[in-house]
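Observations on the three-dimensional arrangement
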Amino acid sequence: MDRMEKTERFVQLKKLAGSVISYWSIISVPVEEKLNFIPLLHYAKAESVDEIPEHLAVSEDFMKTVENESNRLEKIVAEMIVRKKSKLAQIYQRSHLESPFAGQEPSDTSVAFKLVKEQISIAKAVSMERQDIVTRVELLQSACDEIEWYVSPDFNSSSTEDHQRVARGKVLVDFFPKMMEDLEDKVTLWNLKEGKLTFSFDGVDVRQKVEAMKTSYARHIKTDMDAVPGGIDIQQLVVPRRPRTPMVPVQVNEPPPPQPSDGDDSMASSGSKSDSKDSDYHPSDSEE
């Protein structure tokens, strides 16, 4: 093998060594498998072909093996990147934000993996900062839907589920203005803290969302808060309770009256003689 061929092989193997070692830092590869590619460590550190001892020069078959291993690991990392990007998209979707990282994808697979991990860390931090306000907006949107159903006549008074929704709708009608007020206060404090003029929610300033919900609330709400849809009093929707089974009194047999004792009863006889309240008792009888 002449020097030019050795140099070309060295450059190619050094590049493959860098890729394989980089993938090892991402993927958990058993130590036994890594031992098969120990010569790569020397090529990764060497600056020129002259630094590679003759006994460490690799064959063309080994070069092919390293290339196949690099391709295998690259495919695994690429699949991991796809999953990471899906996770990143879900974080921004739950935060009701558009991802600012669209189109940022380096050609090097290992670099792309590290970049998407950094993006996920940033997205999680942003999501935590927005979580309170986002949750309040989502609750208000759901409350709007419930209130709209509550003031509509489309319900079944005999349905237990609808009865529960009516009760929930009545509570939401009472609390909705306070919920909107609290949200507006939270947004104002967030804008002051972050130094921003708007709080974006699905690409729209959240204050526009609040105004739209206020309009919807004012349109659907009725004057009489104590009545349910269709003018039916809420007491009419109460699910009747099952009547209780009447209790049957237990018959208790009274004990029989005591039988009068005859003269042969010694205890009764002695008792009657010693009782000073007995009508037949005379003190003079005891002195005789």
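Let me begin by describing the structure that accompanies this report. Quick caveat: nothing in here was measured; it's all calculated off a predicted structure. (Residues numbered from 1 in each chain as written. Predicted model: local features only at pLDDT ≥ 70, side-chain atom pairs only at ≥ 80, totals over all residues. Heavy atoms only, no water.)

This part is about helix 1 (residues 3-24). With 22 residues, helix 1 should cover 32 Å at 1.5 Å per step; its first-to-last C-alpha distance of 31 Å lies within 8% of that length. Where helix 1 is concerned, the buried positions are Arg-9, Phe-10, Leu-13, Leu-16, Ala-17, Val-20, Ser-22, Tyr-23 and Trp-24. Where helix 1 is buried, its residues contact helix 2 (31-35), helix 3 (39-45), helix 4 (60-94) and helix 5 (109-150). (Helix = DSSP H or I, 4+ residues; strand = E, 2+ residues; numbered from the N terminus. Expected span 1.5 Å × (residues − 1). Buried < 20%, exposed > 50% of the residue type's maximum accessible area, 1.4 Å probe, protein only. Contact = heavy atoms within 4.5 Å.)

In total, this model carries 4 aromatic pairs according to the counting rule given. Considering the side-chain rings of Phe-176 and Tyr-217, the 4.9 Å spacing of their centres and the 15° angle between planes classify their relative orientation as stacked. Highlighted residues: Phe-176 in helix 6 (residues 160-194) and Tyr-217 in helix 7 (residues 206-220), separated in sequence by 41 residues. Considering the side-chain rings of Trp-190 and Phe-199, the 4.7 Å spacing of their centres and the 80° angle between planes classify their relative orientation as edge-to-face. You'll find Trp-190 and Phe-199 in the same group, each marked buried. In this structure, Arg-165 packs its charged tip against the face of Trp-149, placed 4.2 Å from the ring centre. (Phe/Tyr/Trp six-rings, centres within 6.5 Å; stacked < 30°, edge-to-face > 60°. Lys NZ or Arg CZ within 6 Å of the ring centre and 35° of its normal.)

Take the side chain of Ser-95 next. Residue position: Ser-95 is located in the loop between helix 4 and helix 5. If near-sequence neighbours (up to four positions away) are discounted, Ser-95 is found in contact with Ser-127, Arg-130 and Val-134.

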